[in-house]
Amino acid sequence: MKTTALNHLQQKTQGSKDCCLISFTLLFLFILSFNLKAQIPTNQELQSLPIDTILVKLDDATSKMTEKNELQVKQALLTTLSRAKSSNNQLNIAKVYQGMADWHYYSVNSEKIDSIYYYDNLALAMLLKTQEKELICRAYRSVGMDLEDMQKHVEAEVMYFKGLKVAQSIGFQSGINSIHSSMSLLYSNTKDYESALKYAKMVVEAYEKEENYHPLIRAMANLNNIYLELNQPEKSLVIINKALTLISKLPQERQASETINIRSWRGKTYMALKRYDEALSDFMFSWKGMQEKYGAEKANGWKGHIGGVYHLQGKHAEAIPYLRDYITHTLSKKVTNPEDLKEQCLWLAESYKVLGKVDSAYNYLTIGKDVEINALQEETKSLRNELRVKYETEQKDQTIASQSEKIEQQNKIQTLSYVIGGLLILILGGLFYTYRNNKKKNLQLQALNTSLETTNMLLDKRNAENELLLKEIHHRVKNNLEVVSSLLALQSAKIDDPSGTKYGYFAPKTLSKRTFGVY
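Residues numbered from 1 in each chain as written. Predicted model: local features only at pLDDT ≥ 70, side-chain atom pairs only at ≥ 80, totals over all residues. Heavy atoms only, no water.

**Quick look at the overall build of the protein chain**
- Broken down by element type, the protein chain carries 20 helices and 0 strands.
- Looking at the 519 residues of the protein chain, the share that counts as buried comes to 34%.
- Counting only contacts in the protein chain whose residues sit at least 6 apart along the sequence, the fraction spanning at least 24 positions is 57%. (Helix = DSSP H or I, 4+ residues; strand = E, 2+ residues; numbered from the N terminus. Buried < 20%, exposed > 50% of the residue type's maximum accessible area, 1.4 Å probe, protein only. Contact = heavy atoms within 4.5 Å.)

Structure follows, in structure tokens:
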């Protein structure tokens, strides 16, 4: 009886201990979850705490914010920005601008790459007024990544080279590795896979030497993708499996998300090797992991390759919902991968065609072709304007000298153009002056010709008058001679001498003929 009572007492005591333990565990989890939530500084703290302290708190709040409190985080950032501007501290202003860029990156309602770029660019402009070389290097990389997301590859490349130059000038190896990684991604996006492979290998070697596992795993994923693009899936599988083994070396809180990413990349490798069942297993794992972490709607972006595997296996009915959800999700985003989107559209169109749904097949085929045409247009535009800079560390001085020589040649050409332009202006001025003088002389000659014509007309008139007068005189002389001749004839008629009559009669006629002969 005593033993039973004792056992009962022990069981009751143990039950109380278990109850206390459970209560303590729940209380601990509650406190832990409360501490894990981002603490947004109060208005009093925003005005009293040092700005660096506020920025640390806001950085944590931004990375953990939810749709419910993101506007509150934004308002806190704007208040801090106003305070930083009033103190005219350029470094603090730059940091707040970067905080605003991060807010747009993490915001559920924003996701606007142009806003991210706007604030990152403002931060860079402020940092360039300081001597913070490491921060300047990182800012160049951030702006370059924003430009790359906006499909402005040439401008992104310029930013990466500028950041790389700063990092090398101070021996900032972390910055060098980060920019080499970004350059590898950039060259992959522009299909310059040989350059992408070179920089990717440099990054992997650097992180392996440092035993910096988290960026090393990301670098291996990028290298895996490049091998796939170069049609070397066997090498891809080796590197991606190695990355999977390194995940266990990461902190516990990062292992799950990295496993999701790496298994998704391995799924693509299995697809390239036509090992579809293994690919489907990896893609399903990654999609379900994203569902648990971010919800079903955001996880739709991970459903495309599941549908792709079903399509390649000939399971078209199973493929359609996954492909359709992926395409709908992707088309709602500003930044997309046109190659993936085009491929998924064509897969969906083919699946609909096999199932006899011709209208749906035609619709998605049209979408895929439009995506392809737009991508080709953007690529053509980018290539047309692109000035590819091949950066090699050992040829840096030679590149700078070559650029200086080009600038000097351009200056010479510009100077020569000015000289030629000046000569042309002088020649045109001389021609204009000659033209004006010739025009003036022509006017003078024209006036002189007009005067001569008037004079000739007057002379002609006088000549006509003189001729008329001469004819009148001639007529009168003739008449006078006729009178004289008639008088002589009358006079000769009164003379009796026959000889005299003869000569006297004919003499006037002879005289008259001579006289008329003269005229």
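Next comes the rest of the account.
**Some words on helix α13 (residues 252-272)**
- With 21 residues, α13 ought to run about 30 Å at 1.5 Å a step, and its terminal C-alpha atoms sit 31 Å apart, in line with that.
- Glu258 marks where α13 bends most, by close to 25°.
- One or two residues past the end of α13 sits Lys274, with phi positive at roughly 65°. (Expected span 1.5 Å × (residues − 1). Bend = angle between axes of the 7 residues up to and from the residue.)

**Quick notes on the packing of helix α16 (residues 316-331) against helix α17 (residues 338-354)**
- Viewed as axis vectors pointing N to C, α16 and α17 meet at an angle of 145°, and their least axial separation amounts to 9 Å. Where α16 crosses over α17, the handedness of that crossing is left-handed. Across the interface between the two elements, His316, Ala319, Ile320, Leu323, Arg324, Tyr326, Ile327, Thr330 and Leu331 from α16 touch Asp340, Leu341, Gln344, Cys345, Trp347, Leu348, Ser351, Tyr352 and Val354 from α17.
- For the contact of α16 with α17, the class distribution of residues is 12 nonpolar, 4 polar and 2 charged. (Axes fitted to C-alpha atoms, helices over the stretch in contact; angles between N-to-C directions. Left-handed = near helix turned anticlockwise from the far one by under 90°. Nonpolar A, V, L, I, M, F, W, Y, C, P; charged D, E, K, R; others polar.)

**Re the side chain of Arg266**
- Among the structural elements, Arg266 can be located in helix α13.
- If sequence neighbours within four positions are ignored, Arg266 has contacts with Leu237, Ile240, Asn241, Leu244 and Asp282.

**Describing helix α14 (residues 276-294)**
- Taking 1.5 Å as the rise per residue, α14 with 19 residues should run 27 Å; its terminal C-alpha atoms sit 26 Å apart, in good agreement.
- When we look at burial in α14, the residues that qualify are Tyr276, Ala279, Leu280, Asp282, Phe283, Met284, Ser286, Trp287, Gly289 and Met290.
- Contact partners of the buried residues in α14: α13, α15 (304-312) and α16.
- One or two steps after α14, the chain reaches Gly295, where phi turns positive at roughly 100°.

**Re the pattern of salt bridges**
- On inspection of all chains with the given rule, the structure shows 12 salt bridges.
- Between Glu339 and Lys191 there is a salt bridge, with its nearest N and O atoms 3.6 Å apart. Placement of Glu339 in helix α17 and of Lys191 in the loop between α9 (173-189) and α10 (193-210) is noted, with a sequence separation of 148 residues between them.
- Overall, Glu339 belongs to the partly exposed group, its relative accessible area being 39%.
- Among the residues examined, Lys191 registers a relative accessible area of 37% and is labelled partly exposed.
- Sharing partners across several salt bridges, the network here consists of Lys191, Glu339 and Lys342. (Salt bridge = Lys/Arg side-chain N within 4 Å of Asp/Glu carboxyl O.)

**Here we look at unusual backbone geometry**
- Positioned with a positive phi, Asn88 is a non-glycine residue whose angle comes to about 60°.
- One can find Asn88 in the loop between α4 (70-87) and α5 (90-106).
- One non-glycine residue, Asn231, adopts positive backbone phi at about 60°.
- Examined against the element boundaries, Asn231 turns out to sit in the loop between α11 (213-229) and α12 (233-246).
- Overall, the relative accessible area of 64% leaves Asn231 in the exposed class.

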